[in-house]
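Chains, contacts and geometry: an overview
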Amino acid sequence: MKAMIVDIGSNTIKYDIFNEKASESIGHRSIAAGIIRYIQNGTMTDEGIETLCRILISYQKDANEEGVPMYVFATASLRRVSDPLSVIQKVKARTGIVIDLISGQRESSLSLSGMLHVTPHESIGLMMDMGGGSTELNRFCSDVSIFPVSCPFGALSLKNEFVSDVFPTKKEADAIYRHAKDVFFPHSDSIRSEVLYMVGGSAKAVCKLMLYKDLIRQSDAASVFDAERIRSLLHEIIPCGKEDEVLLKELFPDRYHVMLPALCAYVALLDTCGAKRVTVSKGGIREGYLLERIQQNQE
């Protein structure tokens, strides 16, 4: 089933066009819309709805040109809205496009499904998918979820809550780490794992940054490395000097402002779950969402 899957996140709205087996993206586009900033007192502003509609109409045009169906889902970006149904209805009225709002637990399940589908993995492990507004964890055994949980923070929400400027100070980074550790700690017994599978754009960006800084070798392009490398990166880049600020903006123009908050949370999880090795997955929630659609069509 060849299709376009659109993911409305808190920081970015992106799509992938997948081949029939949902194993390879053959088309990708991402826009840093920052939808979360349009939510005020639990309500999405008219400007936010207009931004959302404009991007989805543009993506629908791409889907039509490619001759593929378009499926759209939203995660914490709309879960933070007090009345998300009203936003979904307004978007449908203006564009004809239906948004599927998925719960945190379903998001965790879909991310795990997509990761397992495309990433070589061991029989037991822990998946982490950090978006802009939430973080999903899912411990699995023999490709079956045994402990899914959604945590109420993401890279962008951490940045907005704890960072006063563009990049966190050492004190702010420590506060992010402690906050993430406090959220993870109640689940510590259930998420213990030797291997952590990291999913999502921030995870891929951290891997790219480690490669650039020679913390992992080019032969590690398969994105499998020792967990200590992430801790080394955190200690090296915070506090962030002018040279690293320029580097982050050049390498990650859409997410440089959330990179370091995400990094602090990654280290907090590693210190909580005890993982010794990390795999950064090429697959995640969009692959999982398409797999779910395929299964529904078959049934």
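Below, the structure is looked at part by part. Worth saying up front: this structure is predicted, and the values here are computed from it rather than measured.

Conventions adopted
- Residues numbered from 1 in each chain as written.
- Predicted model: local features only at pLDDT ≥ 70, side-chain atom pairs only at ≥ 80, totals over all residues.
- Heavy atoms only, no water.
- Pairing = 2+ DSSP bridges.
- Helix = DSSP H or I, 4+ residues; strand = E, 2+ residues; numbered from the N terminus.
- Axes fitted to C-alpha atoms, helices over the stretch in contact; angles between N-to-C directions.
- Contact = heavy atoms within 4.5 Å.
- Buried < 20%, exposed > 50% of the residue type's maximum accessible area, 1.4 Å probe, protein only.
- Expected span 1.5 Å × (residues − 1).
- Phe/Tyr/Trp six-rings, centres within 6.5 Å; stacked < 30°, edge-to-face > 60°.

Let's shift gears to the sheet that holds strand 1 (residues 3-8). Pairing is mixed across the open sheet formed by 5 strands, whose spatial order is 3-2-1-6-7. With partners counted over all chains shown, the strands left at the sheet margins are strand 3 (25-31) and strand 7 (99-101), one partner each. Between one strand axis and the next, the sheet turns through 20° on average, direction left out of account. In the sheet, strand 2 (residues 13-18) pairs with strand 3 via 6 bridges, with the strands oriented antiparallel. Each bridged residue has a counterpart across the sheet, and for Phe18 the counterpart in strand 3 is Ser25.

Bringing the side chain of Ser111 into the picture now. Mapped onto the elements of the fold, Ser111 is located in helix 4 (residues 104-118). In this structure Ser111 touches Met127, Asp129, Gly284 and Ile285, once residues within four positions along its chain are discounted.

This next bit is on the pairing of strand 6 (residues 70-74). Judged by how many residues are buried, strand 6 sits mostly within the fold: 5 of 5 residues are covered. The alternating pattern of strand 6 places Met70, Val72 and Ala74 and Tyr71 and Phe73 on opposite faces, both of which are buried. Sheet analysis places strand 1 next to strand 6, joined by 5 bridges and oriented parallel. In the strand pairing of strand 6, Val6 is matched with Val72. In this sheet, strand 7 lies alongside strand 6 in parallel orientation, the contact comprising 3 bridges.

Time to look at helix 4. Between the first and last C-alpha of helix 4 there are 22 Å, a value that for 15 residues agrees with the 21 Å anticipated at 1.5 Å per step. On its buried side, helix 4 packs onto helix 2 (76-79), strand 8 (124-130), strand 9 (135-141), strand 10 (144-151), strand 11 (195-199) and helix 11 (285-298).

Going through the model one piece at a time under the given rule, you end up with 5 aromatic pairs. Measuring from ring centre to ring centre gives 5.7 Å for Phe140 and Tyr197, while their planes differ by 50°; the resulting arrangement is tilted. With Phe140 in strand 9 and Tyr197 in strand 11, the pair connects residues that are 57 residues apart, well separated along the chain. Taken individually, Phe140 and Tyr197 each receive the classification buried, so the pair is uniform in this respect. Between Phe167 and Tyr256 the ring centres are 6.2 Å apart and the planes differ by 45°, which places this aromatic pair in the tilted class. Taken together, the positions of Phe167 in the loop between helix 5 (155-162) and helix 6 (170-184) and Tyr256 in helix 10 (residues 256-273) put the pair 89 residues apart, joining distant regions of the chain. You can call Tyr256 partly exposed: its relative accessible area is 24%.

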